[in-house]
Amino acid sequence: MSFEIELKAHVYNRKEVIEKLNSVAQYLGHTYKKDTYYHLPQNITVRLRNQIEDTFMQNQTVSKTNNYFTYKKKETKVCENGTEIEVNIENETFVENPAALEQLFFDLGGKIAYTKEKDVEHWNYTTQNETLHAELCTVPPLGDFLEIEVVKEVQDEQTVQKITKLQEQLLSDCNIPLSQIEPKYYSQMLKEIN
């Protein structure tokens, strides 16, 4: 089982954030993600993701498309300094034929809850023996966000506090004030504007 420790913040100066990340982190490429969320009986929500990933290898761009099934148990934690972060139990697997799973969801009485698109540039940033994955995301119609996440096998309070401090430092390095941290899930924000 994996635990995802994630913090996200609004980005109002995309160019500045890209320049800073390029100077301190390893650029990994561009990814387009289309997520479809399904509400199933017993208040269970699952996700099917179609992902087109462009990576740079030996001076050329290589594109690949994959599909993933994800089941998360989401939790928001408030750190000592008041920062709200997500600490999620995340179970994800590659799916060869997402249409088969979609049909199963419908047969179980499920329905499509909403869809979300993300246009993502991503980097790995290593500090203090930790690698943080940073994604600069455009999420229509919500705008731009910097997501910083670390996946761990344990979720003890000491680990969460350490990772949160590193995430906050990277935000600060990108000139993003902590006041721009967004504690709401994308689903909540999308629901508010619809």
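Check the entry above for the structure.
Calculation rules
Residues numbered from 1 in each chain as written. Predicted model: local features only at pLDDT ≥ 70, side-chain atom pairs only at ≥ 80, totals over all residues. Heavy atoms only, no water. Helix = DSSP H or I, 4+ residues; strand = E, 2+ residues; numbered from the N terminus. Polar contact = N/O pair within 3.5 Å; in protein donor to acceptor, adjacent residues only side chain to side chain. Contact = heavy atoms within 4.5 Å. Core = buried A, V, L, I, M, F, W, Y, C linked by side-chain atoms within 4.5 Å. Buried < 20%, exposed > 50% of the residue type's maximum accessible area, 1.4 Å probe, protein only. 1 Å grid on protein atoms, 1.4 Å probe; cavity = no way out; pocket = protein on both sides within 12 Å on 5 of 7 lines; lining within 4 Å. Points joined across faces, edges and corners; volume = space filled by probe spheres on them. Nonpolar A, V, L, I, M, F, W, Y, C, P; charged D, E, K, R; others polar.

Enquirer: Can you lay out the side chain of Glu 4 for me, pointing to particular residues and giving the numbers?
Expert: Mapped onto the secondary structure, Glu 4 falls in strand E1 (residues 2-11). A polar contact is formed between the side chain of Glu 4 and the side chain of Lys 72, at a distance of 3.1 Å. Look past the residues within four positions of Glu 4 in its chain and what remains in contact with it is Lys 72, Glu 86, Val 87, Asn 88, Glu 90, Glu 149, Val 150 and Val 151.

Enquirer: Residue-level account of the nonpolar core, with values.
Expert: Counting 26 residues, the largest nonpolar core has Val 17, Leu 21, Leu 146, Leu 171 and Ile 176 as its most contacted members. Contributions of two or more residues to this core are made by E1, helix H1 (14-24), strand E6 (84-94), strand E7 (111-127), strand E8 (130-139), strand E9 (143-152) and helix H3 (157-173). Core analysis: the second largest hydrophobic core is formed by eight residues, Val 120, Leu 142, Phe 145 and Met 189 among them.

Enquirer: Any chance you could break down empty space enclosed by the protein for me, citing the residues and the numbers?
Expert: Summed over the entire model, instances satisfying the criterion amount to one cavity of 30 Å³ or more. There is about 50 Å³ of room inside the largest cavity. Around the largest cavity sit Glu 6, Leu 7, Lys 8, Glu 84, Ile 85, Glu 86, Glu 182 and Pro 183, which together line it. Those elements that provide at least two residues to the lining of the largest cavity are E1 and E6. Grouping the constituent residues of the lining of the largest cavity by class yields three nonpolar, no polar and five charged.

Enquirer: Give a detailed account of the environment of Tyr 38, specifying residues and quantitative values.
Expert: Within the secondary structure, Tyr 38 sits in strand E2 (residues 26-40). According to the relative accessible area criterion, Tyr 38 is buried, its value standing at 2%. Sequence spacing of Tyr 38 and Ser 63 is 25 residues, and the spatial spacing of their C-alpha atoms is 27 Å. Discounting chain neighbours no more than four positions away, the residues touching Tyr 38 are Ile 44, Thr 45, Val 46, Leu 48, Glu 102, Phe 105, Phe 106, Lys 111, Ile 112 and Ala 113. Polar contacts involving the side chain of Tyr 38 include one to the side chain of Glu 102, which spans 2.6 Å.

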